[in-house]
Amino acid sequence: QRKIIIDTDPGQDDAVAILLALASPEDIEVLGITCVAGNVPLELTSKNARIVCELAGKTDVQIFAGCDRPLGRDLVTAEHVHGKTGLNGPVLPDPRMPLQETHAVDFIVETLRAEPPGTVTLCPLGPLTNIATALQRAPDIADRIQEIVLMGGAYFEVGNITPTAEFNIYVDPQAAEITFKSGAPIVVMSLDVTHKALVTPDRNTAFRNLGTPVGKAVAEMTDFFERFDKEKYGSDGAPLHDPCVTAYLIRPELFGGRRINVEIETQSELTMGMTVADWWGVTDRPANALFMRDIDADGFFSLLTERLARL
Ligand code: BDR
Ligand code: CA
């Protein structure tokens, strides 16, 4: 069982990632959920995280608001993908559960210092601003992190917000650079994986057929969310990017990749936020990440549907 902090900007796919974690107590203990500005501004991501926990009936989860903008750039959001609220699709009630008063970055630092070294995994599902701010403020935490399992970046699939950059890395490339250079063990769920985790009509029906409020909400979220990828890329359905992170914690054997060097472009406007992934080992730069490319998509969707059925 892993103790984790989910750092997130919900987002329909973030929501499904959170639901999968909350449905899997034998594998995952959620110490807290930290929110960051990304798909939509912070006020909405920290509201959406609470909506999702209430949907799951887990009102005791601690939720923290963090950084409201990237380290050195203006915030870029993705309402064109996720809708105005970030969670368009289902109609869900406003949250009643509280937001904690502690800043997300303080919670991350304090938790890593309080728990035994090597026992807390960070799961970033949005721009890496909170994570990098914590690493900058408290460099001692890098050695205490068990693993950072993040959704971000792309190599073969290149980009989804610019021709060369994936959204989470593009929004805060400096934060990504700090994270990738931190020395903490990193697992990367790139677009190369997540563009294979598509909610086809059958998979959507399986969610709906759960016959629960969670199943219905997830089906409605992916109904909304697939619009963008279908129109833009002719994709067969919504890519469930962020749930690949929480699924990896439960069934790592569903994923395949290589340990490689990954550097982040932070200078060029043209390729800003590109994950320069040395997949073919053409440099002698040391590996700093396990970069995932493959997924057993059927296995992933069975796991997800099975677990969501519990909520
Ligand atoms: C990532 O960007 C966001 O829109 C999604 O939630 C996911 O984390 C995919 O590029
Ligand atoms: Ca996200």
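Residues numbered from 1 in each chain as written. Chains lettered and ligands numbered in written order. Predicted model: local features only at pLDDT ≥ 70, side-chain atom pairs only at ≥ 80, totals over all residues.

**Remarks on the sheet that holds strand β4 (residues 120-124)**
Note the following rule: Two strands are said to pair when DSSP picks up at least two bridges between them. Secondary structure elements are taken from DSSP: a helix is a run of H or I of four residues or more, a strand is a run of E of two residues or more, and numbering for both begins at the N terminus. Axis definition: a line fit to C-alpha positions, over the contact stretch in the case of helices; interaxial angles, taken between N-to-C directions, run 0 to 180 degrees. A residue pair is marked as a contact if its C-beta atoms, positioned from the backbone, fall within 7 Å.
Strand order in the open sheet made by the eight strands is β3-β2-β1-β4-β5-β6-β12-β9, with mixed pairing throughout. Edge positions in the sheet fall to β3 (63-65) and β9 (255-260), since each of these pairs with one other strand and no more. Strand after strand, the sheet turns through a mean of 25 degrees between neighbouring axes, direction not considered. Summarising the sheet, strand β6 (residues 186-189) and strand β12 (residues 289-295) pair through three bridges and their orientation is parallel. The residue bridging M189 from the neighbouring strand is M292, located in β12. Against the sheet, helix α4 (residues 104-114) contacts β1 (2-8), β2 (28-35), β3, β4 and β5 (145-151), and its axis sits at roughly 150 degrees relative to β2.

**Describing the UniProt feature "domain: Inosine/uridine-preferring nucleoside hydrolase" (unreviewed entry) in the protein**
We apply this condition: UniProt positions are given in the numbering used here, feature names are shortened, and annotations may be inferred rather than shown by experiment.
Mapped onto the present numbering, the UniProt feature "domain: Inosine/uridine-preferring nucleoside hydrolase" (unreviewed entry) falls on residues 4-301. Annotated as 36% helix and 18% strand, the span residues 4-301 places its first and last C-alpha atoms 22 Å apart.

**Some words on the site of ligand 1**
Short version of the rule: Using a C-beta atom placed from the backbone, a residue is scored as near a molecule or strand whenever that atom is within 6 Å of it. For this classification, Asp, Glu, Lys and Arg are treated as charged, while Ala, Val, Leu, Ile, Met, Phe, Trp, Tyr, Cys and Pro are nonpolar and the rest, including Gly, are polar.
Residues in close proximity to ligand 1 total 15 residues, the closest being G11, D13, A78, F167 and H241. Of all the secondary-structure elements, those providing two or more residues to the shell around ligand 1 are α1 (12-22) and α6 (167-171). Here the residues of the shell around ligand 1 are counted per class, giving five nonpolar, six polar and four charged.

**With respect to the pairing of β2**
Put simply, the test is: To sort residues by exposure, count the other C-beta atoms lying within 10 Å of each residue's C-beta; 20 or more gives buried, 12 or fewer gives exposed, and values between give partly exposed, all with C-beta atoms placed from the backbone. Whether a crossover is right-handed depends on one test, that the path from the first strand over the helix to the second runs clockwise when the strands point away from the viewer.
Counting buried positions along β2 gives six out of eight residues, so the element sits mostly inside the fold. Bridging between β1 and β2 involves seven bridges; their strand directions are parallel. For R2, the partnering residue across the bridge sits in β2 and is I28. Both β2 and β3 contribute to a ladder of three bridges, which runs parallel. Paired with I33 across the strands is I63, a residue of β3. Crossover β2 to β3 through helix α2 (residues 42-55) is right-handed.

**Quick notes on the packing of helix α5 (residues 129-137) against helix α7 (residues 173-180)**
Formally: Angles below 35 degrees are treated as roughly parallel, those above 145 as roughly antiparallel, those between 65 and 115 as roughly perpendicular, and all remaining angles as oblique. Handedness of a helix crossing follows the sense of rotation of the near helix relative to the far helix, less than a right angle counterclockwise being left-handed and clockwise being right-handed.
Running from amino to carboxyl end, α5 crosses α7 at an angle of 55 degrees, the nearest separation of the two axes being 8 Å. Taken together, the axes of α5 and α7 lie oblique to each other. α7 is crossed by α5, and the crossing has left-handed handedness. Only A175, I178 and T179 of α7 make contact with α5, whose side of the interface consists of T129, I131, A132, L135 and Q136. Classifying every residue of the contact of α5 with α7 by side-chain character gives five nonpolar, three polar and no charged.

**Topic: the nonpolar core**
Filter applied, for reference: When buried Ala, Val, Leu, Ile, Met, Phe, Trp, Tyr and Cys residues are joined through C-beta atoms within 7 Å, the set is termed a nonpolar core.
In terms of nonpolar packing, the biggest core is built from 103 residues, with I18, L19, V188, C244 and V245 touching the most fellow members. Element by element, the count of residues in this core is highest for α1, at eight residues.

**Some words on α2**
How we decide: One less than the number of residues in a helix, times 1.5 Å, gives the span that helix is expected to have.
The end-to-end C-alpha distance of α2, which contains 14 residues, comes to 20 Å, matching closely the 20 Å that a straight helix rising 1.5 Å per residue would cover. Across the 14 residues that make up α2, a large majority, twelve, are buried. Three or more residues of α2 are buried, namely L42, L44, T45, S46, K47, N48, A49, R50, I51, V52, C53 and L55. Of the surrounding secondary structure, the elements contacted by the buried residues of α2 are β1, α1, β2, β3 and α10 (213-233). Count one or two residues on from α2 and you reach G57, which has phi positive near 75 degrees.

**A short note on unusual backbone geometry**
Backbone torsion omega between P10 and G11 reads 0 degrees, so that peptide bond is classified as cis. Here the phi dihedral of V158 falls at roughly 60 degrees; this positive angle occurs in a residue that is not glycine. Tracing the backbone through its elements, the reader meets V158 in the loop between β5 and α6. On the basis of neighbour count, V158 is assigned to the partly exposed category, with 15 C-beta atoms found within 10 Å.

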